[in-house]
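As a plain string of letters, each chain reads:
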Amino acid sequence: MGKIAVQAPQAPDRAPQAADHCTLVQDQESQGGGVSRERAVSRHGVSRNGVPQGRDGFRERVAHLEDLARAANASGRLGVRLCGIDIDNPVIPASGTFGYGYEFADIFDINVLGSFSFKGTTSEVRFGNEQHRIAECSAGMINSVGLQNPGVEAVLERELPLLAKAGYSKVVMANVSGFSIDEYVRVSQALDAEPQVGWIELNVSCPNVHGGGLTFGQDPRAAEQVVSAVKAVVRKPLIVKLSPNVTDIAAIARACAQAGADGLSLINTLLAERIDLRSRKPVIARRDGGFSGPAVFPVAVRMVDTVCRAVDIPVAGIGGVSCARDVVEMMMAGASAVQVGTANLVDPLASLRIVAQLPTVMDELGIDALADVIGAAL
């Protein structure tokens, strides 16, 4: 197996002036990819170019990024409003990439984030799909996890109390999945009553078991029915997460808005497949899965733009976001907030880094307040 190249972190005293993560990654790729041997970590916890490494070095870098993020939030420049709720910044880790939050609270202060969307939750416990469920790609990954989760009762009784115990003081986005309208309604109603929940995020990319297996998000009428049913039982803002695997995403968006959705989030993953050349079989046990990562970013930007011109409700942009510049670009396409997904799986500090980097990128672009650029390109 070949060596895996790891990007060396920036020294804390250089972080504010350094290029953002996207630029660093692009620069490395343009030079053939990877990190030079001179930047490898020495046995003494310090790389040969002087960047602190090891446990103490890591903690130092995290503390520095936290300080930058807190200062950025305190400035008020990053603040946005999502469906009537004010948040410190638009950066929201996406469902399925941030667990139930407390897992990341051991790494950094997750209160510096705008919020986060927790793991997709169903009525009953789900153990997910058979292995293999993950396939790597050159600019992303394919997953077919299968909505593995402990069920809504366990989320209410165990996961959310653990989040509170970890010191998280903001509201979260509750991602809800289901295979029937009744299941969506039951789970949404249960989570809506939880004080820690600020928004209900309805994942309509699940197959409708009573509708021939077509996902709710692929049929405007099915989407309208499930959104209308859930809206009738919840008081919290209802955000509908849209699938990109449709012919006309604007038609789905309009159907959701007409049914009472308070906001939309998009895009979910794109269907994709990899084949193992030796076995001559698909890598994913169920053949295909959801493709995410940097490669889908331009697709996501185009769809966010399309939806923001079709409806007049807030949108949270998702898809391939990995740096502060991506956040700004997504907001210029119309997004009021931006979810960070696969980047969290590559780098657990990705969302923290983005918050810390935003003021520098804003200064470079002459942006005083981030909310001012929402829809600037529409």
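J.: Just checking my understanding: could you explain helix α11 (residues 350-365) for this structure?
T.: One full turn of an α-helix is made of 3.6 residues, so residues set three or four places apart face in the same direction. For α11, built from 16 residues, the straight-helix expectation of 22 Å at 1.5 Å per residue is met to within 8% by its first-to-last C-alpha distance of 21 Å. At Gln 357, α11 shows its largest kink, close to 40°, and the proline Pro 359 lies no more than four residues downstream. The buried fraction of α11 amounts to 13 of the 16 residues, a majority that puts the element mostly inside the structure. Backbone geometry just after α11 places Gly 366 at a positive phi near 70°.

J.: When you look at unusual backbone geometry in this model, what are you seeing that I'm missing?
T.: As a rule of thumb, non-glycine residues mostly have phi less than zero, and peptide bonds are mostly trans rather than cis. Between Gln 131 and the following residue, His 132, the backbone shows a cis peptide bond with an omega angle of 0°. For His 132, the position within the fold is in the loop between α3 (102-105) and β4 (134-137). Cis geometry is found at the peptide bond from Leu 266 to Ile 267, where omega equals 15°. You can see Ile 267 is positioned in the loop between β9 (263-266) and β10 (270-272).

J.: Would you mind going over the sheet that holds strand β5 (residues 140-143) with me for this structure?
T.: For sheets, the rule is that strands pair by backbone hydrogen bonds, running either parallel or antiparallel. With respect to topology, 4 strands assemble into an open sheet ordered β4-β5-β13-β10, the strand pairing being antiparallel. Where the open sheet ends on each side, the last strands, each with one partner, are β4 and β10. Along the sheet, successive strands turn relative to each other by an average axial angle of 35°, direction set aside. Bridge analysis of β5 against strand β13 (residues 289-292) gives 3 bridges, and the strand direction is antiparallel. If you follow Met 141 over to β13, its bridge partner there is Ser 292.

J.: Sorry, what's going on with the sheet that holds β9 here?
T.: One open sheet accounts for 7 strands, arranged β3-β15-β14-β9-β8-β7-β6; its pairing is parallel. Bordering the open sheet on either side are β3 (91-93) and β6 (172-176), each of which pairs with just one other strand. Neighbour to neighbour, the strand axes of the sheet diverge by 25° on average, direction disregarded. Alignment of strand β14 (residues 315-318) against strand β15 (residues 337-340), held across 3 bridges, turns out to be parallel. Each residue of the ladder has a partner; that of Ile 318, found in β15, is Gln 339. Helix α5 (residues 181-192) rests against β6 and β7 (197-203) of the sheet, and its axis sits at about 165° to β7.

J.: I would appreciate a short explanation of helix α9 (residues 324-332) in the present structure.
T.: Three or more residues of α9 are buried, namely Ala 324, Asp 326, Val 327, Val 328, Met 330 and Met 331. Positive phi appears at Gly 334, one or two residues downstream of α9, with a value of about 125°.

J.: Explain the packing of α5 against helix α6 (residues 220-231) here, please?
T.: Pairs of packed helices are described in terms of their axes, by the angle between the two and the distance that separates them. At a closest axis distance of 9 Å, the pairing of α5 and α6 adopts a crossing angle of 30°. With respect to their mutual orientation, α5 and α6 come out roughly parallel. Seen from above, α5 lies across α6 with right-handed handedness. Residues Ile 181, Tyr 184, Val 185 and Ser 188 of α5 form the contact with α6, whose own contacting residues are Gln 225, Val 226, Ala 229 and Val 230. Of the residues assigned to the contact of α5 with α6, the class counts are 6 nonpolar, 2 polar and no charged.

J.: Before we go on, may I ask you to explain the environment of Gly 317 in this structure?
T.: Position of Gly 317 relative to the elements: it lies in strand β14. Gly 317 sits 49 residues away from Asn 268 along the chain, and the two C-alpha atoms are 9.8 Å apart. When neighbours within four sequence positions are excluded, Gly 317 is seen to be in contact with Leu 266, Val 304, Met 330, Ala 335, Ala 337, Val 338 and Gln 339.

J.: Got a minute to help me understand the environment of Ala 377 in this structure?
T.: Tracing the sequence through the fold places Ala 377 in the segment after α11. For Ala 377, a relative accessible area of 55% puts it in the exposed group. For the pair Ala 377 and Glu 329, spaced 48 residues apart in sequence, the C-alpha separation works out to 8.9 Å.

J.: Would you explain the packing of aromatic side chains in this entry?
T.: Ring pairs (aromatic) are described by centroid distance and by the angle formed between their planes. Applying the stated criterion across every chain yields a total of 6 aromatic pairs. Note on Phe 98 and Phe 104: the rings are 4.0 Å apart at their centroids and 20° apart in plane angle, and the pair reads as stacked. By relative accessible area, which is 0% here, Phe 98 ends up buried. For the ring pair Tyr 100 and Phe 118, a centre distance of 5.4 Å and an interplane angle of 40° mean the geometry is tilted.

J.: How do you make sense of the pairing of β4 when you look at a structure like this?
T.: Walk down a regular strand and you will see the side chains alternate between the two sheet faces. Alignment of β4 against β5, held across 4 bridges, turns out to be antiparallel. In the strand pairing of β5, Cys 137 is matched with Gly 140. Between β4 and β5, which follow one another and run antiparallel, lie 2 residues.

J.: What's the story with the nonpolar core in this structure? I'm lost.
T.: General note: in soluble globular proteins, nonpolar side chains tend to be found buried as a group. Grouped together as the largest cluster of nonpolar side chains are 103 residues, with contacts concentrated most on Phe 108, Leu 242, Leu 264 and Leu 266. Element by element, the count of residues in this core is highest for α11, at 8 residues. Dropping the residues within four chain positions of it, Leu 242 is found in contact with Val 204, Ser 205, Ile 249, Ile 252, Ala 253, Cys 256, Leu 264, Ser 265, Leu 266, Ile 267 and Asn 268.

J.: When you look at the pairing of β9 in this model, what are you seeing that I'm missing?
T.: The side-chain alternation of β9 yields two buried faces, one formed by Gly 263 and Ser 265 and the other by Leu 264 and Leu 266. As a crossover connection, the stretch from strand β8 (residues 238-241) through helix α7 (residues 249-258) into β9 is right-handed. Pairing geometry for β9 and β14, over 3 bridges, is parallel. Bridge pairing in β14 links Leu 264 to Val 315.

How each quantity is defined
Residues numbered from 1 in each chain as written. Predicted model: local features only at pLDDT ≥ 70, side-chain atom pairs only at ≥ 80, totals over all residues. Heavy atoms only, no water. Helix = DSSP H or I, 4+ residues; strand = E, 2+ residues; numbered from the N terminus. Expected span 1.5 Å × (residues − 1). Bend = angle between axes of the 7 residues up to and from the residue. Buried < 20%, exposed > 50% of the residue type's maximum accessible area, 1.4 Å probe, protein only. Pairing = 2+ DSSP bridges. Axes fitted to C-alpha atoms, helices over the stretch in contact; angles between N-to-C directions. Contact = heavy atoms within 4.5 Å. Parallel < 35°, antiparallel > 145°, perpendicular 65-115°, else oblique. Left-handed = near helix turned anticlockwise from the far one by under 90°. Nonpolar A, V, L, I, M, F, W, Y, C, P; charged D, E, K, R; others polar. Phe/Tyr/Trp six-rings, centres within 6.5 Å; stacked < 30°, edge-to-face > 60°. Core = buried A, V, L, I, M, F, W, Y, C linked by side-chain atoms within 4.5 Å. Right-handed = clockwise from strand over helix to strand, strands pointing away.

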